[in-house]
Amino acid sequence: MDSHDVIILGGGLVGLTLALALDAHGLTSAVVDPADLEKTLAPGFDGRVSAIASGSWAMLRQIGLDLAPQGCPIDSIETREGSDGKPLIFATGPDEEPLGTMVENRVLRTLLFDATVAANGITLHASAKATDIERTGHGVTACLTNGTVLKAPLLLVAEGRNSQTRAAAGIKIAQWSYRHTAIVTALDHSLSHNNVAHEIFFPAGPFALLPMQPGTRSALVWTVSEKDAVGMRALGDRAFLAEVGKRAGGLLGELALGAPRSSYPLGFHHAGQMTADRLALVGDAAHGIHPIAGQGLNLGFRDVATLVEILVDGARLGLDLGDPQLLARYERWRGLDTFMVALATDGLTRLFGLPGRPASRLRTFGLGLVGRIPPLKARFMAEARGESGDLPKLLQGLAI
């Protein structure tokens, strides 16, 4: 039987970051990842990118990950209602951190995997599943498909939105479909993006152009209605680019596809609680939101930073890492923040999806109001950076 400080189910971006952050502070983990490594680490752009908020970036840097050579900073964000709308500009000052940094998920995944393999305190069980999990007053035991039996005082669940362990623990979730589909790809363009992210709101959903390296490549995240998604996927490359060009409004000049297209359905889910006996949820296992604000992965990173701080504090006090007091602290610290972000993104999604001219005027007025009230604008920028609220030390770039 292999004993560790924690067992982590799920070896995605959040699960591996959690393991590395714990390892950086002397806590050991066993990561059980059912994914096929040949697929998840395959070379080539897979269409997915993430906007890493500056707080999350500080945490990754603190635990030893150098993404700077691969990332593209977002120095400003321009939002507008329709292609010809007047933009509301959120821009950083000359001595300020960027609003975020765009990184290909594949690049981040590869760096996390390499760091995990090199870490002394992490045991990775790749292409394995936990077939039998027992949580008792004395600890957690997990039997794996590869024959290994794991033992730890705490089980951390980072399995994603369809977590079977969450369901088996009896944790209920609120969930619904937006009846939207996100179409993602990369675009090469004739004009430099100048490190500007564009988000254009249409009744069917947001159309985002996100800067990547080099300066003439951007990621496209285009939300379309569910009923239109089949037709959009069926378009040839030339017709698809023509539709993209109409909505981009010439912002980036001539366009060409820089990667294959992919798509995925959009929905909302939020766990009624983030903990149970000797169990804690992190990342998409606990919450899933619309990408309208680009905060999904950053919410998971905030879970990581909070949970690691609580567990490190508990270990230094000599507490059982599955102690209900520690789990209650995590629930209090993260429960409200995840709920408020989920509520805000859901509200924005519904507001910008309302059809008709009155709704369009309301949105235009709202964007203009934010631009005219400096404290409100500053609050939006702080949220984008992931620097609002009661920040754990790692999100401040500090060791615990």
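This text goes with the structure placed above it.
Attention in this report is confined to the structure presented alongside it. Treat the numbers as computed from the prediction; the structure is a model and nothing was measured.

1. Remarks on the overall build of the chain
Right, on to step 1. Looking only at helices and strands, the chain has eleven helices and 22 strands in total.
Right, on to step 2. For the chain, contacts bridging at least 24 residues in sequence account for 73% of all contacts bridging at least 6.
Right, on to step 3. Surface accessibility of the chain: about 17,500 Å² in total, with carbon and sulfur atoms responsible for 54%.

2. Considering a nonpolar patch on the surface
Right, on to step 1. A grouping of Leu336, Phe339 and Met340 is seen on the molecular surface, where their side chains present a nonpolar patch of about 320 Å² in accessible area.
Right, on to step 2. Inspection of the secondary structure assignment puts Leu336 in helix 9 (residues 324-351).
Right, on to step 3. For Leu336, a relative accessible area of 58% corresponds to the exposed category.

3. Description of helix 7 (residues 237-248)
Right, on to step 1. Given a rise of 1.5 Å per residue, twelve residues ought to cover 16 Å, and the 16 Å separating the end C-alpha atoms of helix 7 matches this to within 8%.
Right, on to step 2. Among the residues of helix 7, those classed as buried are Phe240, Leu241, Val244 and Ala248. Along the axis of helix 7, the buried positions cluster into a sector of 95°, meaning they face one direction only. Residues of helix 7 that are exposed and point over 90 degrees away from its buried face: Arg238 and Lys246.
Right, on to step 3. On its buried side, helix 7 packs onto strand 14 (173-189), strand 15 (196-202), strand 16 (205-212), strand 17 (217-225), helix 6 (226-234) and strand 18 (255-257).
Right, on to step 4. Phi turns positive, to about 60°, at Gly249, one or two residues after helix 7.

4. A closer look at the packing of helix 1 (residues 13-24) against helix 8 (residues 296-316)
Right, on to step 1. Where helix 1 contacts helix 8, the axes come no closer than 10 Å and their chain directions differ by 25°. Between helix 1 and helix 8, the angle falls in the class roughly parallel. Relative to helix 8, helix 1 is oriented so that their crossing is right-handed. Residue-level contacts link Leu13, Val14, Thr17, Leu18, Ala21 and Leu22 of helix 1 to Leu297, Gly300, Phe301, Val304, Leu307, Val308 and Leu311 of helix 8.
Right, on to step 2. Classifying every residue of the contact of helix 1 with helix 8 gives eleven nonpolar, two polar and no charged.

5. Points about the environment of Val244
Right, on to step 1. By the element assignment, Val244 lies in helix 7.
Right, on to step 2. Each residue touching Val244, except ones within four places of it in the same chain, is listed here: Leu187, Phe207, Leu220, Trp222 and Leu255.

6. A closer look at the pairing of strand 11 (residues 139-144)
Right, on to step 1. Strand 11 sits mainly inside the fold: five of its six residues count as buried.
Right, on to step 2. Taking the residues between adjacent antiparallel strands as the criterion, strand 10 (residues 130-136) and strand 11 are bridged by two residues.
Right, on to step 3. As judged from the four bridges shared by strand 11 and strand 12 (residues 149-152), these two strands associate in the antiparallel manner. Note that in strand 12 the partner of Cys143 across the bridge is Val149.
Right, on to step 4. Counting the residues in the hairpin turn of strand 11 and strand 12 gives four residues, including Gly147, whose phi is positive at 95°.

Scoring rules and cut-offs
Residues numbered from 1 in each chain as written. Predicted model: local features only at pLDDT ≥ 70, side-chain atom pairs only at ≥ 80, totals over all residues. Heavy atoms only, no water. Helix = DSSP H or I, 4+ residues; strand = E, 2+ residues; numbered from the N terminus. Contact = heavy atoms within 4.5 Å. Areas by Shrake-Rupley, 256 points an atom, 1.4 Å probe, with all protein chains shown as cover. Patch = residues over 30% accessible without salt bridge, like charges linked within 9 Å, V, L, I, M, F, W, Y side chains within 5 Å. Salt bridge = Lys/Arg side-chain N within 4 Å of Asp/Glu carboxyl O. Buried < 20%, exposed > 50% of the residue type's maximum accessible area, 1.4 Å probe, protein only. Expected span 1.5 Å × (residues − 1). Arc of directions from axis to C-beta. Axes fitted to C-alpha atoms, helices over the stretch in contact; angles between N-to-C directions. Parallel < 35°, antiparallel > 145°, perpendicular 65-115°, else oblique. Left-handed = near helix turned anticlockwise from the far one by under 90°. Nonpolar A, V, L, I, M, F, W, Y, C, P; charged D, E, K, R; others polar. Pairing = 2+ DSSP bridges.

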